[in-house]
Amino acid sequence: MTTPQGRPELPKTYDPTTVEGPTYQRWLDAGVFGADQASGRPRFSMALPPPNVTGSLHIGHALDHTYQDYLARLHRMRGFEVLWLPGMDHAGIATQNVVERELAKEGKTRFDLGREAFVERVWAWKAESGGRILGQMQRLGDSVDWSRERFTMDEGLSRAVREVFVSLYEQDLLYRGRRIINWCPRCLTALSDIEVEHEEVPGELAHLRYPLQDGSGFIGVATSRAETMLGDTAVAVHPDDPRYRDLVGRTVRLPLVDRPIPVVADAAVDREFGTGAVKVTPAHDPNDWEIAQRHGLPAVDIFTEEAVVNAEGGRFEGLDRYAARREVKAALAELGLLERVEETPHPVGHCYRCRTEVEPRLSLQWFVATRPLADEAMEAVRSGQTRFEPVRYEKTFFGWMEQLRDWCVSRQLWWGHRIPAWYCPDGHVTVARQDPAACASCGAGELAQDEDVLDTWFSSGLWPFSTLGWPDRTDDLASFYPTSVLVTGYDIIFFWVARMLMFGCHFQPPTPFEVVAIHGMVRDAQGKKMSKSFGNVIDPIELMDRYGTDALRFALIRGANPGTDVPLAEEWVEGARNFANKLWNLGRFVISATAATGAPPAGAAALADRWLLSRLEETRAAVTAAYEAYDPAEAARLLHGFAWSELADWAVELAKPRLAAGGEDAERAGATLAYALEVTLRLLHPVMPFVTEELGRALTGVETLTLGPWPAERPGDVDPAAEAAMAELQEAIVALRRFRAEHRVPSSSRPRLLVVPADDAQAALFRAEADSVRRLARLDGVEIGSAPSTPTAKLLAGRAELYLPLVGLLDLDEERARLERELATLDAERARAEAKLANPDFLEKAPGPVVAKARERLAEVDQALAKVRAQQTELSGAR
Ligand SMILES: [Zn+2]
Ligand SMILES: [Zn+2]
């Protein structure tokens, strides 16, 4: 089917399900998302934060990807060579947990399979069920270059990982050492500081008494973890603490394990804490470990890797941490060595993957010396090589970088990049790019590779350049690095952005990305975090099924104010769907009304045309500026207002009689509408790619909107006089429509309007546009004159006075009575509300939100009262 103009006829309603899939496929077939490294265009590149291979699209991804897609599409349309590179992260712990759970269903553990078979099994899992998210990204419309898809464990990226590890080792920026690290007794692996989530939990402070060796008394110490006393190797006091001056250097008999331990003086002791004397457990506390280093104290590890007491705990062996805490306290109490136990909440670290309480553990691990790398990263931001949008996040970044500690990068997992370090029987370490045949120190041929793998963030930290072929000097690297923008939620500035900056600035200077654009988290309509336990999680796939992809994308972007959280409710997605439908109806109307395409004809035009082109140019400029300023929410707001109200409502209604009349003016009206629609579709395309593509193709006959061009500047279209004139007409029409609605004038009534203009120019305007006002306000006619003496209602609309005769329009007495009744009802409600809020009992006992609600209601009643009184005034001139 075609329209009379020879264009394909669009279906009556927009059905996203029949449009989206084929449209995306057409884009793929045409190769519009592929980046041509050899083109002469300016570059715009982004690396997609690689989703976990275990992942599926959640609402946070939907926001993050839509945000990046708007940037990619915007720049593609503006003539840039765009590379948006996709891929996935192997996600060490997360993936290993998934496959271990599968094995558990078969009654097996990874140890039953052994390392090699287990890793094979993970690859098989990845091939089969990993990467579901990639299909979901297509559903969302991501305009990524699929020909360059990467995986953090693929061959090239693995080579980059090894190159970085060995280089850091050679530069003394990576070392192996015994340190207290965060240990997850469930995942059985070390965790970095940022993989630990601190949470306040109910706890206790147990006051213990340690007897002096010579029987001359006791020293009191306080601890939240009584069981760790089994591993104490000293008691420490502050050197300037007069209470303990005489005790320094003496020996304490550690109860239960009966070990003599010294009293040492160390300036790190906080004199204000507890008694001022602290127990020292070097193997289970980072601060105690440092004290032990300074005083040459031994470290006694009392736990197995599952955090169960080991043989060092004597008769407590075999108890887990919590049981041991109870038993140790009971045993001390029996000996009269438990003074008291206070209940007190305190922060405890939890594994970010499995929520198990983290155990500080002394352990031999690999660390990156982060200080020099962090300094380089901070310098890149300070010097403006990289900037944050919004800029306030730089403060967050600096604050975190300044207190960064060395990064523990070894993980006791099997899934990941194996650490390229080998040990000979003599304990020499060989770190090498190629698997070595012999020890680099002694030449021994008997080598064992380190069992551990690297932290997942080690490889994702290389993402901006490893994906471009680094360490090779590839054309892609030369063309697309540094990447232009890195888009991410503020929650992973530390996890990820900081690591990419450290590695990028060091290995591929000057910086991995020029801009870090930060968006917020998607929350529910009340601003509450979405979580399974609150039952307020929104599934983006369901929303796309129900309302279409464009609707979801628009609703997300509409809420994505720079750097702040993004509230989302299903109703808003529904509202965005209605917007897509509105566009569709607008598109169908314009396409059926005119055959024109391209820029509108120049020369004198009707007021409606001049006004529309002026508003269009202002919208184009403001939308473009907002997009470029990383404020797509503002762009979406402007486009929604313009397309819905000015274009679809006002402009179309104003054009209808002109179109119907035919002739040159009809052509001009149609051409102006078609041009405004085309520009609007192009401006909206980065956010709503599907419906705009479908309409844009039908309207203009072009193959695709994705390759631009972006609507050109037309500053000459800005016409303040036309806008001012149109504003006066709109004010009058709105006032008349409001009057009709408020006073319930039947829609069949067509009164004559008398306009008393403020000056000659306004008189001329209403005379020239009388027909538009008549139609849009449902009038019988418009007269220009002076104030009448017959019964009339008087409306004020801007500078003009509008008079409507009331005879035959409405029953004046009945309308007055109705307003009186309404006034009485509202007055009564106001009195009740006031009495309630004056009642001290209510104010005291009702919950806060109930009181707030009552106050809100009172304000609403006041507003309603003011409105009714204004309506009475409108009728007061009438007899
Ligand atoms: Zn864990
Ligand atoms: Zn050796």
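Residues numbered from 1 in each chain as written. Chains lettered and ligands numbered in written order. Predicted model: local features only at pLDDT ≥ 70, side-chain atom pairs only at ≥ 80, totals over all residues. Heavy atoms only, no water.

### Things to note about the overall build of the chain
Reasoning step 1: In terms of regular secondary structure, the chain is built from 28 helices and 31 strands.
Reasoning step 2: Its C-alpha atoms give the chain a radius of gyration of 36 Å, clearly above 29 Å, the size a compact globule of 879 residues would have.
Reasoning step 3: Dimensions of the chain, computed from C-alpha atoms along their principal axes, come out at roughly 115 × 75 × 55 Å.
Reasoning step 4: Across the 879 residues that make up the chain, the buried fraction comes to 54%. (Helix = DSSP H or I, 4+ residues; strand = E, 2+ residues; numbered from the N terminus. Rg over C-alpha atoms; globule rule 2.2 N^0.38 Å. Buried < 20%, exposed > 50% of the residue type's maximum accessible area, 1.4 Å probe, protein only.)

### Things to note about the nonpolar core
Looking at soluble globular proteins, one finds that nonpolar side chains tend to be buried together.
Reasoning step 1: The biggest cluster of nonpolar side chains holds 148 residues, and the ones touching the most others in it are F739 and L802.
Reasoning step 2: With 13 residues, the top contributor of residues to this core is helix α20 (residues 632-661).
Reasoning step 3: Beyond its immediate chain neighbours, meaning those up to four positions away, L802 contacts A732, A735, L736, L753, L754, V755, A793, K794, L795 and A797.
Reasoning step 4: In this structure, L83, Y423, F495 and I518 belong to the second largest nonpolar core, which totals 62 residues. (Core = buried A, V, L, I, M, F, W, Y, C linked by side-chain atoms within 4.5 Å. Contact = heavy atoms within 4.5 Å.)

### As for the coordination of the zinc ion (ligand 2)
Reasoning step 1: Bound to the zinc ion (ligand 2) are the protein donor atoms C424 (SG), H428 (ND1), C439 (SG) and C442 (SG), situated 2.1 to 2.4 Å from the metal.
Reasoning step 2: Considering all four donor atoms around the zinc ion (ligand 2), the spread of angles at the metal, 104 to 119°, places the coordination shape in the tetrahedral class.
Reasoning step 3: Donor residues for the zinc ion (ligand 2), ordered by position in the chain, follow C-x3-H-x10-C-x2-C. Residue H428 is found in the loop between β20 (421-423) and β21 (429-431), and its partner C439 is found in the loop between β21 and β22 (448-449); the two are separated by eleven residues along the sequence.
Reasoning step 4: By relative accessible area, H428 is classed as partly exposed at 28%. (Donors = N, O, S within 2.8 Å, 3.2 Å for Na, K, Ca; no water. Tetrahedral: all angles 85-135°; square planar, octahedral: opposite > 155°, others 65-115°.)

### Considerations on the coordination of the zinc ion (ligand 1)
Reasoning step 1: Protein-derived ligands of the zinc ion (ligand 1) are C184 (SG), C187 (SG), C351 (SG) and C354 (SG), with the metal-ligand distances lying across 2.2 to 2.4 Å.
Reasoning step 2: Between the four donor atoms coordinating the zinc ion (ligand 1), the angles at the centre fall across 104 to 114°, so the site counts as tetrahedral.
Reasoning step 3: Counting residues between consecutive donors of the zinc ion (ligand 1) along the chain gives the motif C-x2-C-x163-C-x2-C.

### Here we look at the sheet that holds strand β12 (residues 259-265)
Reasoning step 1: Taken in spatial order, the four strands make up an open sheet running β11-β12-β10-β13, and their pairing is mixed. Every interior strand has two partners, whereas the edge strands, β11 (251-254) and β13 (277-280), have only one. Taken pair by pair, the neighbouring strands of this sheet meet at an average axis angle of 30°, ignoring direction.
Reasoning step 2: As paired strands, strand β10 (residues 234-237) and β12 are joined by three bridges and run parallel to one another. Note on β12: the bridge partner recorded for V235 is V263. (Pairing = 2+ DSSP bridges. Axes fitted to C-alpha atoms, helices over the stretch in contact; angles between N-to-C directions.)

### A word on the confidence of the model for the chain
Should pLDDT be low for a region, the predicted coordinates there are not to be read in detail.
Reasoning step 1: The predicted model of the chain has a mean per-residue pLDDT of 90, with 98% of residues at 70 or higher.
Reasoning step 2: Within the chain, no element has a lower average pLDDT than strand β30 (residues 792-797), which sits at 78, and none a higher one than strand β2 (residues 81-85), at 98. (pLDDT = per-residue confidence, 0-100.)

### Topic: the environment of I518
Reasoning step 1: With respect to the helices and strands, the residue I518 is situated in strand β25 (residues 513-519).
Reasoning step 2: On the accessibility criterion, I518 (2% relative accessible area) is buried.
Reasoning step 3: Sequence spacing of I518 and L174 is 344 residues, and the spatial spacing of their C-alpha atoms is 30 Å.
Reasoning step 4: Contacts of I518, omitting those with residues within four sequence positions, involve F388, E389, P390, Y393, T488, G489, Y490, I493, P562 and G563.

### A look at helix α16 (residues 540-547)
Reasoning step 1: If you check which residues of α16 are buried, you get P540, I541, L543, M544 and Y547. Buried residues in α16, looked at end-on, bunch into an arc of 160°, giving them a common side.
Reasoning step 2: Where the residues of α16 are buried, they touch α1 (16-30), α2 (59-77), α6 (132-140), α17 (549-559) and α18 (570-593). (Arc of directions from axis to C-beta.)

### Let's talk about the sheet that holds strand β16 (residues 359-368)
Reasoning step 1: Reading across from one edge, β6-β5-β16-β18 is the order of the four strands in this open sheet, with antiparallel pairing throughout. In this open sheet, the two edge strands, each paired with only one partner strand, are β6 (189-191) and β18 (407-408).
Reasoning step 2: Relative to β6, strand β5 (residues 174-184) is paired through three bridges, and the arrangement is antiparallel. From the neighbouring strand, C184 faces β6, where its bridge partner is T189.

### Overview of the packing of α2 against α6
Reasoning step 1: It is at 11 Å that the axes of α2 and α6 come closest, and there the two elements cross at 55°. When the axis of α2 is compared with that of α6, the two are oblique. You can see that α2 and α6 cross each other, and the crossing is right-handed. Here H61, A62, H65 and T66 of α2 come into contact with α6, specifically with I133, M137 and L140.
Reasoning step 2: In the contact of α2 with α6, the residues fall into four nonpolar, three polar and no charged. (Parallel < 35°, antiparallel > 145°, perpendicular 65-115°, else oblique. Left-handed = near helix turned anticlockwise from the far one by under 90°. Nonpolar A, V, L, I, M, F, W, Y, C, P; charged D, E, K, R; others polar.)

### So, the packing of aromatic side chains
Reasoning step 1: As enumerated under the stated definition, the model contains 28 aromatic pairs in all.
Reasoning step 2: Ring centres of Y67 and Y70 lie 5.4 Å apart, and the angle between their planes is 65°; this geometry places the pair in the edge-to-face category. Taken together, the residues Y67 and Y70, both in helix α2 and three residues apart, mark about one turn of the helix. We note that Y67, like Y70, is buried.
Reasoning step 3: Here the aromatic rings of W470 and F507 are separated by 5.8 Å at their centres, their planes lie at 70°, and the arrangement is edge-to-face. Separated by 37 residues along the polypeptide, W470 in the loop between α13 (463-466) and α14 (475-480) and F507 in helix α15 (residues 493-507) bring together distant segments of the chain. (Phe/Tyr/Trp six-rings, centres within 6.5 Å; stacked < 30°, edge-to-face > 60°.)

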